[in-house]
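Structural overview for review
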Amino acid sequence: MLELHNSCGSTMQFYQLRTSIAIASAIAIGSFVSNANSQIAFSNNAIDAGLEDATRLVSVGGIYSMMTGGGVTGDFNNDGFDDIFMLAGGEYADHLYLNNQDGTFTDKASQWGVGLLQHASGASAVDFNNDGYLDIFVTSFGPSSTSATSGYFKLYQNNGPDQSGQWSFTDIAQSCGVNRLFDTYTDGLGSAWGDYDLDGDLDLYVCAYEDTRAGNRLFRNNGANAKGQWTFTDVTEEAGLSFTGVAGFDPQLVDMNGDMYPDLIVVADAGTSQYFVNNGDGTFTNRTSTVQDIHTAIGMGIDIGDLNNDGLLDMYITSVTYTFSDGPGNLMLIQNEDGSFSNHARSAGTYRGYWGWGAIMSDLDHDGDRDLIETNGFVGTFSGKPAVVFENLGDGTLFNEVAHDSGFFHNAQGRGLVRLDIENDGDIDVVIFNSNVNMSLFRNELITDETPADKNWIRIKLNTAARDSLAPAGIGAMIKVTTGSTTQILPMHCGSSHCSSSTIEVHTGLGEATIIDTLRIEWPDGSFTTRTDVAANQVLTIDASSHPADYNNDATVDVNDVFAFVASLSAQSLVADHNGDMQLNYFDISAFITDYYAAP
C-alpha cells in the first residue's frame, strides 16, 4: 500500500484512490469463525439511555468528513460516573451527556459552554492542569458557518462548580499555545497525552493527515507561569520528531519497554505508521523497523495492552482487508523479549475486520485476558459491514469472532470507539461515535444484578494530587494485579482510538478470584505502592503519597513513617517492599532510608 501512496504523491490522493477501490470491490469478505458458547453479551442501549438525539452530521466546508467521528468518555462532574462528550459534525451542536446514575444521560452541553456548531474531528480528555477536574482537547477548524481554517483547536478548561453549583468550561487553547499545529496549517485528527519528560505535567501530541508537511506535533506542557497561566511549547524538532510522509490518524504515548518513559506510536494511513522509543533525555529514536508488517497497515485505530499475559505490552492496529487480496488486514503486534514486535494477527484470527477504524482492548468477559473490538464502515461494498468482536481464548494465540453471537450488532459508519462503565456495575460498556448517524451505546450484559461467582473484577483509578512529580490521574503508571500464579499488567494511559479517548482508569476481570493477592503500582518516578489482600468487585482509587517515604500518607515525612514502614516490614507485608522486587530484605531498608533522608 505504500507504493500506492508514493505513486499518488500524497495521502490525500491515496485517500481518493482507496475510496475508488472500496467502491469497485465486489466480492464479499469470507465469513468469520464464530463461537456460540461465548460468555460475551451486549445489548444496544442508546435509546433506553436517552441518547436518541446524539446525532452527528458533517457540515459543508469541513475537512475529512468521511474519516472523523470522535468524542470522549470520562467523569466531568466528579460524581463517580462516566459521562460522554460527542463531536456532532457541525450541522448539530456538540453534546455533553452527563450520567444520571440510573443508566440514562442528559445533554448539558449548552449549559456547560461546549455546545458549539463547529468543524471538529477528534477529542481527548485529561486533567492537564492538575486541579482535579477533567478537561477536553478538540481538534477543531472553526464555526460550521464558515469554511474550515486553522487556529480553532479547543482546550476546554473545566472550571468546576461555581457558588450556585453550575459547572462550566472555558476555552483557553489560544493563550496556552495549542490552538493550531503551526502557522496557518489546517489539519489535526487524533490526540494523546502523556508525560514524555517525566516532569509531572501532561504533554500533548496531535496527529495530522496531510503528509507533505511535518504536521504531527509534540507540545510540551510548561506548567503555570508567574501569572498562573498554563502554556505549551512545540518541541517537535528538538525531540527528533519532525518528519513528513506520515498521514497521522491516532497517537499513543505509552511506556512500551518498561523504562518509565512513554514511547510514541503514530498510527497512520497508507503504510506510514511509526514507532519511536523515548530516549529519556527529551528526544526519541525511530524504531519502526522493529515492528513487523507495520508498513502494510492502512492504520486507523489502536489500543495497547498485554494480550498474552507475558508481562510485555502489545499493540492492536486496525487496517483494511480488501477482498481481492484478503489483506493487508489488522495487525496484532506481540512484543518480544528484545523489544521488537511480531505480527500474529493471521495465526490468531484477528487480522480480518473489513474497513477498520476505532479499536479497544478490554477484558469483556472477566476471564483475565484482553478481548478486542473493532468498528468498521466506509463506502462501496464496505458500507454496512459489521463491527467485529474478537474473544481471547486464553493465552493470546487464538481468538474467535463473536460479534453476532454476543449481540454486538453494529453496521453503521463507525469511527471512534471508547469504553466506559455506565452504571458502575464493573463490566465494560462501549460507545461508538459514528459518521453522519447517531451514536451507538452497547451495554455489557455480563453483570445484570449481582456479580457471577466466576466473573469477578476490579476497576482502578489513581490520584496523584499529593505528589507533583507524578502526572495527573497517574498517567504513565503501570499496575500489576496478581491472583494466584497469574499477574496481569495494566497501563494507565490516555491515547486515541480513532479521534477519541476513553475514561482514564484500568479494569480487568479476575475470574473466580475474590481477593487480589498483590496489587502493585509502579509509578513513573521509580517508586512503588503495594497493597495486599485487596477485595474484588470494587472501583478502587489509590492515592499516591506526597513522597515515596510517606508511609502513613499524612503529607509529611517524619518518624511516624519510620514506625509505619517498620510495622509493615515486621508483619512481612509487601507494603514494605520499597524497591519493588517482590521481596522483603535489607535492600528495602536501604532504599527506604535513602528516600527518607532525601525528603524535604
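Keep in mind it's a predicted model, so treat the numbers as computed, not measured.

**A word on the overall build of the protein chain**
Scanning the protein chain for helices and strands turns up eight helices and 38 strands. In terms of C-alpha radius of gyration, the protein chain reaches 23 Å, essentially the compact-globule figure of 25 Å for 600 residues. Considered along the principal axes of its C-alpha atoms, the protein chain spans approximately 70 × 60 × 50 Å. In the protein chain, which comprises 600 residues, the proportion classed as buried is 59%. Of all intrachain contacts in the protein chain linking residues separated by at least 6 positions in sequence, the fraction that spans at least 24 positions is 58%. Surface exposure of the protein chain reaches about 20700 Å², of which carbon and sulfur atoms provide 49%. Charge centroids of the protein chain, computed over 24 positive and 78 negative side chains, lie 6 Å from each other.

**What about a nonpolar patch on the surface?**
Residues Tyr 586, Phe 587, Ile 589, Ile 593 and Tyr 597 make up a contiguous nonpolar surface patch of about 600 Å² in total accessible area. If you trace the backbone, Ile 593 turns up in helix 8 (residues 586–598).

**Comments concerning the sheet that holds strand 27 (residues 399–401)**
The strand order across the open sheet formed by four strands is 24-25-26-27, and the pairing between neighbours is antiparallel. Unpaired on one side and paired on the other, strand 24 (356–362) and strand 27 mark the two borders of the sheet. Taken pair by pair, the neighbouring strands of this sheet meet at an average axis angle of 20 degrees, ignoring direction. Two strands pair when backbone bridges link them, and strand 25 (residues 371–376) and strand 26 (residues 388–392) are joined in this way by three bridges, in the antiparallel orientation.

**Some words on the domain arrangement of the protein chain**
Split by domain assignment, the protein chain resolves into domain 1 (42–444) and domain 2 (550–599). Placing the centre of domain 1 and that of domain 2 at their C-alpha centroids yields a distance of 39 Å.

**Section: the sheet that holds strand 10 (residues 191–194)**
Hydrogen bonds between backbone groups are what pair the strands of a sheet, and the pairing can be parallel or antiparallel. Across the sheet, four strands lie side by side as 10-11-12-13; this open sheet has antiparallel pairing. Unpaired on one side and paired on the other, strand 10 and strand 13 (230–234) mark the two borders of the sheet. Strand-to-strand twist across the sheet, computed as the mean angle between neighbouring axes with direction ignored, equals 25 degrees. Where strand 12 (residues 217–224) lies against strand 13, five bridges are found, and the strand directions are antiparallel. Bridging across to strand 13, Arg 220 finds its partner in Thr 233.

**Examining the pairing of strand 11 (residues 203–206)**
Residues Asp 203 and Tyr 205 line one face of strand 11 and the alternating positions Leu 204 and Val 206 line the opposite face, and both faces are buried. The pairing of strand 10 with strand 11 spans four bridges and is antiparallel. Within strand 11, the position partnered with Trp 193 by the bridge is Leu 204. Note: strand 11 against strand 12, three bridges, orientation antiparallel. Note that in strand 12 the partner of Leu 204 across the bridge is Phe 219.

**Quick look at the side chain of Thr 483**
Secondary-structure assignment places Thr 483 in strand 32 (residues 478–483). Residue Thr 483 is classed as buried on the basis of its relative accessible area of 16%. Contact partners of Thr 483, with chain neighbours within four places excluded, come to Leu 510, Ala 513, Ile 515, Ile 516 and Asp 517.

**Quick notes on the nonpolar core**
Within the largest apolar cluster, 46 residues are counted, with the highest numbers of intra-cluster contacts made by Leu 155, Val 178, Trp 193, Ile 460, Leu 462, Ile 479 and Leu 519. When near neighbours in sequence (up to four residues on either side) are disregarded, Leu 462 contacts Ala 473, Gly 474, Ala 477, Ile 479, Met 492, Ile 521, Trp 523 and Ile 542. Membership of the second largest hydrophobic core comes to 29 residues, among which are Tyr 64, Tyr 209, Met 300 and Ala 345.

**Some words on unusual backbone geometry**
In the segment running from Gly 327 into Pro 328, the intervening peptide bond is cis, with an omega of 0 degrees. Of note, Pro 328 is situated in strand 21 (residues 327–328). At Asn 130, a residue that is not glycine, the phi angle is positive and equals roughly 55 degrees. Using a relative accessible area of 30% as the deciding quantity, one classes Asn 130 as partly exposed.

**A look at helix 7 (residues 559–570)**
For helix 7, with 12 residues, the first-to-last C-alpha span of 16 Å sits near the 16 Å given by 1.5 Å per residue. For helix 7, the full list of buried residues reads Asp 561, Phe 565, Ser 568 and Leu 569. In a view along the axis of helix 7, the buried residues occupy a sector of 100 degrees, so they form one face of it. Residues of helix 7 that are exposed and angled more than 90 degrees away from the buried face: Phe 563 and Ser 570. Contacts from the buried residues of helix 7 go to helix 8. For helix 7, the side-chain oxygen to backbone nitrogen distance between the N-cap and Asn 560 is 3.0 Å, and the N-cap itself is Asp 558. Just past helix 7, the residue Gln 572 takes up positive phi, approximately 55 degrees.

**Description of the packing of aromatic side chains**
Considering all chains together, one arrives at 33 aromatic pairs under this definition. Taken together, a centroid distance of 5.6 Å and an interplanar angle of 40 degrees make the contact between Trp 112 and Phe 169 tilted. Within this pair, whereas Trp 112 is found in helix 3 (residues 109–112), its partner Phe 169 is found in strand 9 (residues 167–171), the two being separated by 57 residues in sequence. Taking relative accessible area as the criterion, Trp 112 reaches 4% and is therefore assigned buried. Residue Phe 169 is classed as buried on the basis of its relative accessible area of 7%. Among the aromatic residues, those joined into a ring-pair cluster are Tyr 64, Tyr 209, Phe 249, Tyr 322, Phe 324, Trp 355, Trp 357, Phe 378 and Phe 382. The lysine or arginine in question, Arg 346, covers the ring of Tyr 351, its NZ or CZ lying 4.0 Å from the ring centre.

**A few points about the pattern of salt bridges**
This structure, assessed with the given rule, holds 16 salt bridges. The closest approach of N and O atoms between Arg 352 and Asp 326, which form a salt bridge, is 3.2 Å. Taken as a pair, Arg 352 in the loop between helix 5 (345–348) and strand 24 and Asp 326 in the loop between strand 20 (321–322) and strand 21 lie far apart in primary sequence, 26 residues in all. With relative accessibility at 26%, the residue Asp 326 sits in the partly exposed group.

So, how was this worked out
Residues numbered from 1 in each chain as written. Predicted model: local features only at pLDDT ≥ 70, side-chain atom pairs only at ≥ 80, totals over all residues. Heavy atoms only, no water. Helix = DSSP H or I, 4+ residues; strand = E, 2+ residues; numbered from the N terminus. Rg over C-alpha atoms; globule rule 2.2 N^0.38 Å. Buried < 20%, exposed > 50% of the residue type's maximum accessible area, 1.4 Å probe, protein only. Contact = heavy atoms within 4.5 Å. Areas by Shrake-Rupley, 256 points an atom, 1.4 Å probe, with all protein chains shown as cover. Lys, Arg positive; Asp, Glu negative; His and termini not counted. Charge placed at Lys NZ, Arg CZ, Asp CG, Glu CD. Patch = residues over 30% accessible without salt bridge, like charges linked within 9 Å, V, L, I, M, F, W, Y side chains within 5 Å. Salt bridge = Lys/Arg side-chain N within 4 Å of Asp/Glu carboxyl O. Pairing = 2+ DSSP bridges. Axes fitted to C-alpha atoms, helices over the stretch in contact; angles between N-to-C directions. Domains from an automatic or database assignment. Core = buried A, V, L, I, M, F, W, Y, C linked by side-chain atoms within 4.5 Å. Expected span 1.5 Å × (residues − 1). Arc of directions from axis to C-beta. Polar contact = N/O pair within 3.5 Å; in protein donor to acceptor, adjacent residues only side chain to side chain. Phe/Tyr/Trp six-rings, centres within 6.5 Å; stacked < 30°, edge-to-face > 60°. Lys NZ or Arg CZ within 6 Å of the ring centre and 35° of its normal.

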